[in-house]
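Remarks on the overall topology
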Amino acid sequence: GMQNAINIDGTDYANSWDSPYASFYTARNCTFWIGTLASGSHTIKGRFASNFAGSTVTISNRVLLIYIFEGGEFRYIDNSTASTTASTALVDDNNASVTFTPPAPCKALILYNISNSTGTTETGSGKKAAINVAGTDYSQAEKSPNDSNEADSVFTVHALSLSAVSTTVKGRFASSGGTVTISRRQLGVLLLA
């Protein structure tokens with residue numbers, strides 16, 4: 001398997017891990033970073049590495065997409081506090097929650113990525129992720145690793161219209177059967193006019 005990150009001016013952000021079904025099979029990671037950049041020149045790179053020292057990983061396709069928006073209407077969490085569950089029903093990811101009031105009616109683009117590093121407790125059945133907005137779950141996605149305790153990442157996205165009222169956005173996750181772990185997660189909310 002492999003790990004990926006986004007490197008901004010020499011610092012890695014949004015690490016995520018994944019593992020393929022077996023050697024020479026495909027693995028996929030989708031990771032993102034949202035933040036503020038000062039004016040001037042910046043270097044933004046995609047980064048990758050093997051999950052195991054001495055193992056080789058090859059990237060045959062990649063996309064690095066950079067959008068620059070004016071304004072500061074966003075929320076972003078990149079948190080590496082471990083969370084586990086054996087529940088097959090979605091539970092709150094207590095390390096991925098934001099409450100905010102948009103300044104005016106707007107569109108919101110919400111991104112959520114959860115990943116566990118190799119060697120953490122992870123059922124071979126995999127895990128589910130969803131985005132919860134004001135108490136309703138949206139955009140459930142699920143994925144499994146190649147075996148128990150291997151790396152696994154799940155990315156999902158949702159877009160909707162929001163009013164200028166207090167809104168809570170949370171990441172939610174569940175097991176597909178057995179105990180699953182989040183080693184690191186990213187939750188991003190972009191508010192667009």
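We now turn to the structure provided with this report. Sequence order as written defines residue numbering, which begins from 1 separately in each chain. Reporting of local features is limited, given that this is a predicted model, to residues whose pLDDT is at least 70; pairs of side-chain atoms are given and counted only at 80 or more, and all residues count toward the totals for whole chains, interfaces and linings. As a convention, hydrogens and water are excluded, and side-chain values are obtained from all of the structure's heavy atoms.

Positionally, Asn132 belongs in strand β8 (residues 127-133). Each polar contact in these results corresponds to two N or O atoms within 3.5 Å; when the atoms are within protein, one needs to be able to donate a hydrogen and the other to accept it, and residues that are neighboring in sequence are counted only if both atoms are side-chain atoms. Side-chain polar atoms of Asn132 contact the side chain of Asp137, separated by 2.7 Å. Look past the residues within four positions of Asn132 in its chain and what remains in contact with it is Asp137, Thr168, Val169, Lys170 and Arg172. In this description a helix means any DSSP run of H or I spanning at least four residues, a strand means any run of E spanning at least two, and both kinds are numbered starting from the N terminus. In what follows, a contact means two residues having at least one pair of non-hydrogen atoms within 4.5 Å.

A few words now on the environment of Asp137. As for its position among the elements, Asp137 is in strand β9 (residues 136-143). Per-residue accessibility, obtained with a 1.4 Å probe over protein chains only, is compared with the maximum for each type, and a residue is labelled buried under 20%, exposed over 50%, and partly exposed between these values. Residue Asp137 is classed as partly exposed on the basis of its relative accessible area, which comes to 33%. Spatially, the C-alpha atoms of Asp137 and Lys170 are 9.0 Å apart, while their sequence positions differ by 33 residues. The contacts of Asp137, once residues within four sequence positions are left out, are Leu90, Ile131, Asn132 and Arg172. Only 3.0 Å separates the side chain of Asp137 from the side chain of Arg172, close enough to count as a polar contact.

Looking now at the pairing of β9. With six bridges joining them, β8 and β9 adopt antiparallel strand pairing. The partner of Ala129 across the bridge, within β9, is Ala141. For two strands to count as paired, DSSP must find a minimum of two bridges between them.

Judged by pairing direction, the sheet is antiparallel, and its four strands sit side by side in the order β4-β13-β7-β10 without closing on themselves. For this open sheet the edge positions go to β4 (74-79) and β10 (152-162), each flanked by a neighbour on one side alone. Pairwise comparison of adjacent strand axes, ignoring direction, gives a mean angle of 10° for this sheet. Where strand β7 (residues 106-116) meets β10, eleven bridges bridge the pair, whose relative direction is antiparallel. By the bridge assignment for β10, Ile110 is matched with His158. Angles shown run from 0 to 180 degrees and are taken between the N-to-C directions of axes, each axis being a line fitted to C-alpha atoms and, for helices, limited to the stretch in contact.

What follows concerns the environment of Ile44. Within the secondary structure, Ile44 is located in strand β3 (residues 44-50). Distance in space between the C-alpha atoms of Ile44 and Pro102 is 29 Å, their sequence separation being 58 residues. Aside from chain neighbours lying at most four places away, what touches Ile44 is Ile6, Asn7, Ile8, Leu37, Leu64 and Ile66.

The next thing to look at is a nonpolar patch on the surface. Candidate patch residues must exceed 30% relative accessible area and have no salt bridge, after which like charges are joined if within 9 Å and Val, Leu, Ile, Met, Phe, Trp or Tyr side chains if within 5 Å. Values of accessible area rely on a 1.4 Å probe in the Shrake-Rupley scheme; residue burial ignores everything except the protein chains shown. By definition, a salt bridge exists where a carboxyl oxygen of Asp or Glu is found within 4 Å of a side-chain nitrogen of Lys or Arg. A cluster of nonpolar side chains, Val63, Leu65, Tyr67, Phe69 and Leu192, forms an exposed patch at the surface whose accessible area comes to about 590 Å². Along the chain, Leu65 turns up in the loop between β3 and β4.

So, about unusual backbone geometry. Only a minority of non-glycine residues have a phi that is not negative, and only a minority of peptide bonds are not trans. Although it is not a glycine, Asp9 sits at a positive phi angle of roughly 50°. Relative to the assigned elements, Asp9 resides in the loop between β1 (2-8) and β2 (11-18). Residue Asp9 is classed as partly exposed on the basis of its relative accessible area, which comes to 44%. You will see that Asn149, though not glycine, has its phi angle at about 65°, which is positive. Assignment of secondary structure puts Asn149 in the loop between β9 and β10.

Note that every value here comes from positions in space, so none of it alone points to a role or purpose.
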